[in-house]
Amino acid sequence: MIRATTNGVLRSYRSNLNRSFLALNKARNSVLSGRTYNSYAEDPAAAAHSFQLRRSFLRTSSQYTQSSTVLHKFETAYQAMDRIVGLVDNEHEDSSYAAVLRGANDPTGSGRAALGKDILQLADSIVQATNGARYGNDFLFSGADGLNVPLEWTGEGENRVLTYRGIPVDAGGPVVEMDDAKQPIEVNIYGEDPATKTDAVYYALADGSGTISKTDYDAAAEKPAVKMDPNDTTKPLDVAADAKAGGYYKLKPSGKTIEKAEYDTQKAESDKLLAQLKYLSNDEAKYVDIGLGLQEHDNSNDLITSSAYDIALQATDYLGYGVDEDGDPKNIVSILQRMGTLLQNCGEDGRWENPDVDGEEYTRLANKLKTASDGLHTQHVKLTAQVTFLNNNHNQLKDTANTLNEQFLEIDQVDLADAITSFAWAQYCYNSALKMGNSILSQSLMDYMN
Amino acid sequence: MSSVSTFGTFTTARLGIYAAQKGLQITGNNISNINTRGYTRQVLDQISLRTGGSDRYASQYDVKVGNGALPVGVSQIRDPYLDIRYRGEMSSVGALDTKLNILDSIASILDEVARGDDEMGVIEAQFSDLYKALQHLDDSTGQEEFDTQVQSSAKALVTLFNTYASRLEKEKQNTVKRFEQEIETVNKLLTNIKELNSSIRKSDIHGDNTLEQRDERNRLLDELSQYMKIDVVYSMEDIGAGQMVEKLTVKLAGANPQPDTLDPRTDRAVLVDGVHATQLVLGDAADNYSITLAGLTDVKSRPMDNHSTTRTEISEAAFNAAMKALQDLAADPDKPNNVTVDAANGTKTVDDLMGYTYTTKYIKQAGNPTKFYKIETTHAEAVADGIKLDDNDIRGGLQAYREMLTESGEFTTSDTIANVDESAATKRGFPYYQKALDLLANQFAKVMNEANQGYLMNENGEYLNAKLEVLKDASGNPITESNVVKTKSQLGEWKRLLAQKGVKDGNDYKLDGDNYVDENGKPITDSAGNVLTKSGIDDANKQLEEWETALKDNGVAMGKPLFSNNGDGNDTEGITAANISISKDWSTGAAKIIASFVQASGFDHIATTDSSNITHMLALMDKKMDYFPTDMVGDAANEGSMFHGSFQEMLTNLQSVMANDQRSTSIQLNNYYTSSLDLDTQRDSVSSVDLNDEAMNLMQYQKSYAAACRLMTTVDEVLDKLINSTGIVGR
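We now turn to the structure provided with this report. (Residues numbered from 1 in each chain as written. Chains lettered and ligands numbered in written order. Predicted model: local features only at pLDDT ≥ 70, side-chain atom pairs only at ≥ 80, totals over all residues. Heavy atoms only, no water.)

1. Remarks on the packing of aromatic side chains
- Summed over the entire model, instances satisfying the criterion amount to 24 aromatic pairs over all chains.
- Judged by centre distance (5.1 Å) and plane angle (55 degrees), the ring pair of phenylalanine 444 of chain B and phenylalanine 563 of chain B falls under tilted. Of this pair, phenylalanine 444 of chain B sits in helix H9 (residues 430-451) while phenylalanine 563 of chain B sits in strand E21 (residues 563-564), and the two are 119 residues apart along the sequence. Each of the two residues, phenylalanine 444 of chain B as well as phenylalanine 563 of chain B, counts as buried.
- Here arginine 160 of chain A stacks its cationic end above the ring of tryptophan 153 of chain A, 3.7 Å away from the centre of that ring.
- In this arrangement the basic side chain of arginine 683 of chain B is found over the ring face of tyrosine 86 of chain B, its NZ or CZ atom lying 3.9 Å from the centre. (Phe/Tyr/Trp six-rings, centres within 6.5 Å; stacked < 30°, edge-to-face > 60°. Helix = DSSP H or I, 4+ residues; strand = E, 2+ residues; numbered from the N terminus. Buried < 20%, exposed > 50% of the residue type's maximum accessible area, 1.4 Å probe, protein only. Lys NZ or Arg CZ within 6 Å of the ring centre and 35° of its normal.)

In structure tokens:
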């Protein structure tokens, strides 16, 4: 520019004054809003980053709420399980285990029937404690079927059967005697191995416990009671054919025989039920997002299970299900039900109803109760670990939320000292520009002409 | 004349007084107009007057002196080159200013920075709220009130989509109105320039320099340059009788850079031709808001007779060479049909078949000496329906309006790129933001609707029939959810790969045998390293179709759409941000969110709090997915994905695109504005009134006036001496 003119100078001044005012306005807005930027366009990178952090913050906040609910659920479940553990096995004198010990060690057996009632009552208490573990409308030990009661009794009295979500918890039977290759041992109707029956004639023992060969019978000094031929009641019934025939298995623990076909039918049906129980125990899950990075596998709707938390608590995982190799129930409540029934059926004098077997069964079941109790302990410890994990995760979510909050505020919010300094500087510049404007407008040669 | 007349010097003094007076008058005019917009400072043109010619008897001792100063005119001090540069910058300023204004109006809707509760955004925060509601439902599955909470949150989300879409459309309509007003303004400017031209022409003819009118015309041209890029040409027009007057022509600068492929008349788009000017006619939305230049008319709306003739004197040799060339051309058998030659009369006529005829005539004019001329005549047919400008013919503010109203970026069709604007895919206006928002709403609705509809399956993901038996395909294999999802996903990836790397071949892509190949002829492979084959894709499609048919026929369908295109129905076709609604079934309770499709084997019901599908929905809320423009615009040129991310990331991306466009436009505008300001100041340095200058002029003319008066006094005294005091000795 070779020539500065009044209008040119004024134009420049106006433009610069406006810039200065804009800068002042921006600095003022910055102080008033407390934000480093007030629109996306002012700083797109920061805005995008801030939105990302804010989104994570909101996710973490809702995960925190979710985690809080889950934690409360597990704490409630833990308390319920604590009570159940107390009912089953502790030093408390009212516990099942103490009662069982009393039943086993009672020298006179006078209180067995009453004790049986107590044990049955304890079994009911365990069921009630399990079913009573609720959070809101949900039954905590119903797995993913939280709106339905987990444990129910079907049938009455000593025949009542405990079901979990409609499935008998003692599914898996009948259990029969097996060979070393885990194959059922085929027996005759009397429970004997047909291969051992080499004599020509056999008689059936009257108590149904087996057969005796004619040779042994004849040779016996004291003839065992045998079934007599209905056509000639003076003669023992020849059951050679039955004794040699197979087609039966020997049930455990009763020792009774069951027709092979019937066994197959019952086993298939029971295995299905057992498979359902196994599915519930091993595979059924109810996942919730508590900040573990909820995500599905690529090209699939399958959840990455480690990215969510399974909150399905199955009552059978704690109390046990199925039957063992002796044919005894694994479920604590079923064991207690059986033991209570055995005690309850004792006579007033404390004698077992079936002295030959009941005492033995009671003792065996007492050991099984110990095993089931150990399992309950293990699950209880696992639940403790879960509650601890949830607690830690909950605290971590809180920390994460705080960190995220700090991060996006750091991006969005101005350092007030810096903002006020900038404002003061902008105001200073603006004031200077105004001052300059006054002198621009007043000075020209015209003012000096005489 | 060698001697001075007695009173001649009085005239010199008088002329000096006159000149100084005129100078003061002009200075006064300059000072008065210091604040007049567009005023160009004026200066007095004066010459030194010298009367007489050569004396008959000249004396070598004689001294010739001038007769004083003579004002001959008033002129303006202006630099045309600065005008050209300034107007060039102003067209960019106009374009960017308009674009930024419109982007700001879009941002006022889409920009969620510092908005919403705790400044968490609006739609952005609502997505998070929906996620939270789904989480609650996940936790409290089977309890209806939590389904209602999800529905309420989703309703708020769709309402926000509706609001954004409606505000965008309203803003677009406002922009159309503003555009129409701007067209009106431009038309008024063109009319005013035409009228000024007419007035200046008349004044020119009468010898008036009409400087103030020229200032006003320059101001109007400056204003016009903000709306479109213009070329301003000043030429002299022969009006006969040897009189020449100035003629102003204004053309669209750089219009139609591809005359071979587009209407070539548009590169001759003339806005103002002397006393004639055009008017702009704006097309409607269906016509892409195209602009048509109406025929040129004068102030009385009479159409222009489009003849122009130039005459150039040429040498005899050039004349002879031209005549020879004409004869050769006449004899040439390959002479184009649109060329007519009359070699005898030295005439060649070329019809460009597009409304213009060019005639060249060579003439020999007898005389001493003989002169040779080349006369070129251009005749333009009257354009009854005007000239429709091509997409990129017009620049400046008007073009910015057009682009912001029509450009759809990634949603641009192949046809538009091929026939309208090859760079259309990178320009984003209202249609882009509207369609991108539509795509987000559509994708969200589609994904959530798909998630809420399915078929009953067992715990292994095998679909079941009504008898709870596993459904099997023709090969006897169970139909599983994982296979169906995997196949769909695979087909999606292949489609994307073909769109990105394939070479279009009709409706398909280029094949080498059975393999799809890229532009280098190499087979295209997917992420698993498999070569994309036609048979593979056909088989996958066939398989998927078979499964879907089996499921439709025998599967146990569950769930209904959650979102529809109308709150009064359940139609999911064509969901956009404007119409996305909660489906009637969901809002009336006939449909619920399906918590799970899994009924485990042996059970008679789906577990009451199994929420595997809600967890799936939660995962979908954060799942990164592709967004295909073809979902909204079937024939979009970009068949690939325009973005890969979650719903909220897509929303952020939409805002980022807008914000970056705003930012870059703002920076460019600032640059151009600063340049234009500099240029304007430079123009001021040349043309503007400066008080110091004028003060100097005042003093200068005052002094010269005083000096001329003193001269007169001196001459008077001298003559007084001569007349009254000379020759009286001894009296």
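2. Focus: the sheet that holds strand E7 (residues 280-282) of chain B
All names here are of chain B.
- Taken in spatial order, the three strands of this open sheet run E7-E8-E14, and their pairing is antiparallel. The strands lining the two open edges of the sheet, one partner per strand, are E7 and strand E14 (387-388).
- Where strand E8 (residues 291-293) meets E14, two bridges bridge the pair, whose relative direction is antiparallel. Note that in E14 the partner of threonine 292 across the bridge is lysine 388. (Pairing = 2+ DSSP bridges.)

3. Digging into the sheet that holds strand E5 (residues 167-168) of chain A
All names here are of chain A.
- Taken together, three strands build an open sheet; the order of strands is E3-E4-E5 and the sheet is antiparallel. Unpaired on one side and paired on the other, strand E3 (151-154) and E5 mark the two borders of the sheet.
- In the sheet, E3 pairs with strand E4 (residues 161-164) via four bridges, with the strands oriented antiparallel. Note that in E4 the partner of glutamate 152 across the bridge is threonine 163.
- Sheet strands in contact with helix H4 (residues 112-132) are E3 and E4, and its direction is about 140 degrees off that of E3. (Contact = heavy atoms within 4.5 Å. Axes fitted to C-alpha atoms, helices over the stretch in contact; angles between N-to-C directions.)

4. What to know about unusual backbone geometry
- Put simply, lysine 252 of chain A and proline 253 of chain A share a cis peptide bond, and its omega is 0 degrees.
- Note on placement: proline 253 of chain A falls in the loop between strand E12 (248-252) and strand E13 (257-259).
- Backbone torsion omega between asparagine 368 of chain B and proline 369 of chain B reads 0 degrees, so that peptide bond is classified as cis.
- As for its placement among the helices and strands, proline 369 of chain B is situated in the loop between strand E12 (356-365) and strand E13 (371-380).
- Positive phi, normally seen in glycine, also occurs at lysine 182 of chain A, with a value near 60 degrees.
- Within the secondary structure, lysine 182 of chain A sits in the loop between strand E6 (175-176) and strand E7 (186-187).

5. Points about the pairing of strand E3 (residues 230-238) of chain B
All names here are of chain B.
- When E3 meets strand E4 (residues 244-252), the two strands line up antiparallel, connected through nine bridges. Opposite serine 235, over in E4, you have lysine 247 as the bridge partner.
- Hairpin connection from E3 to E4: five residues lie between these consecutive antiparallel strands, with glycine 240 at a positive phi of about 95 degrees.

6. A short note on the interface of chain A and chain B
- Each side of the interface is counted separately: chain A has 65 residues, and chain B has 76 residues.
- Of all residues in chain A, the largest losses of buried area upon contact with chain B belong to Arg3, Tyr40 and Arg59 of chain A, amounting jointly to 12% of the total for that side.
- For the interface between chain A and chain B, the tally reads eight salt bridges.
- Across the salt bridge formed by aspartate 139 of chain B and lysine 73 of chain A, the nearest N and O atoms sit 3.1 Å from each other.
- Summed over the shared surface of chain A and chain B, the result is 44 residue pairs in polar contact (both at pLDDT 80 or more).
- At the level of elements, helix H1 (6-33), helix H2 (44-88), helix H7 (260-282) and strand E14 (287-288) of chain A are the ones that each hand at least two residues to the side of chain A that touches chain B.
- For the side of chain A that touches chain B, the element with the highest residue contribution is H2 of chain A, accounting for 15 residues.
- Here the residues of the side of chain A that touches chain B sort into 26 nonpolar, 22 polar and 17 charged. (Buried area = accessible area lost by both parts, 1.4 Å probe. Salt bridge = Lys/Arg side-chain N within 4 Å of Asp/Glu carboxyl O. Polar contact = N/O pair within 3.5 Å; in protein donor to acceptor, adjacent residues only side chain to side chain. Nonpolar A, V, L, I, M, F, W, Y, C, P; charged D, E, K, R; others polar.)

7. A word on empty space enclosed by the protein
- On inspection of all chains with the given rule, the structure shows four cavities of 30 Å³ or more.
- There is about 120 Å³ of room inside the largest cavity.
- Those elements that provide at least two residues to the lining of the largest cavity are H2 and strand E2 (138-139) of chain A.
- Residue composition of the lining of the largest cavity, grouped by class: five nonpolar, three polar and three charged.
- Of the pockets and cavities examined, the second largest cavity occupies roughly 70 Å³.
- Surrounding the second largest cavity, Arg165, Tyr279, Leu280 and Glu284 of chain A together with Val598, Gln599, Ala600, Phe603, His605, Ala607 and Asp610 of chain B form its lining.
- The residue inventory of the lining of the second largest cavity, partitioned by class, reads six nonpolar, two polar and three charged. (1 Å grid on protein atoms, 1.4 Å probe; cavity = no way out; pocket = protein on both sides within 12 Å on 5 of 7 lines; lining within 4 Å. Points joined across faces, edges and corners; volume = space filled by probe spheres on them.)

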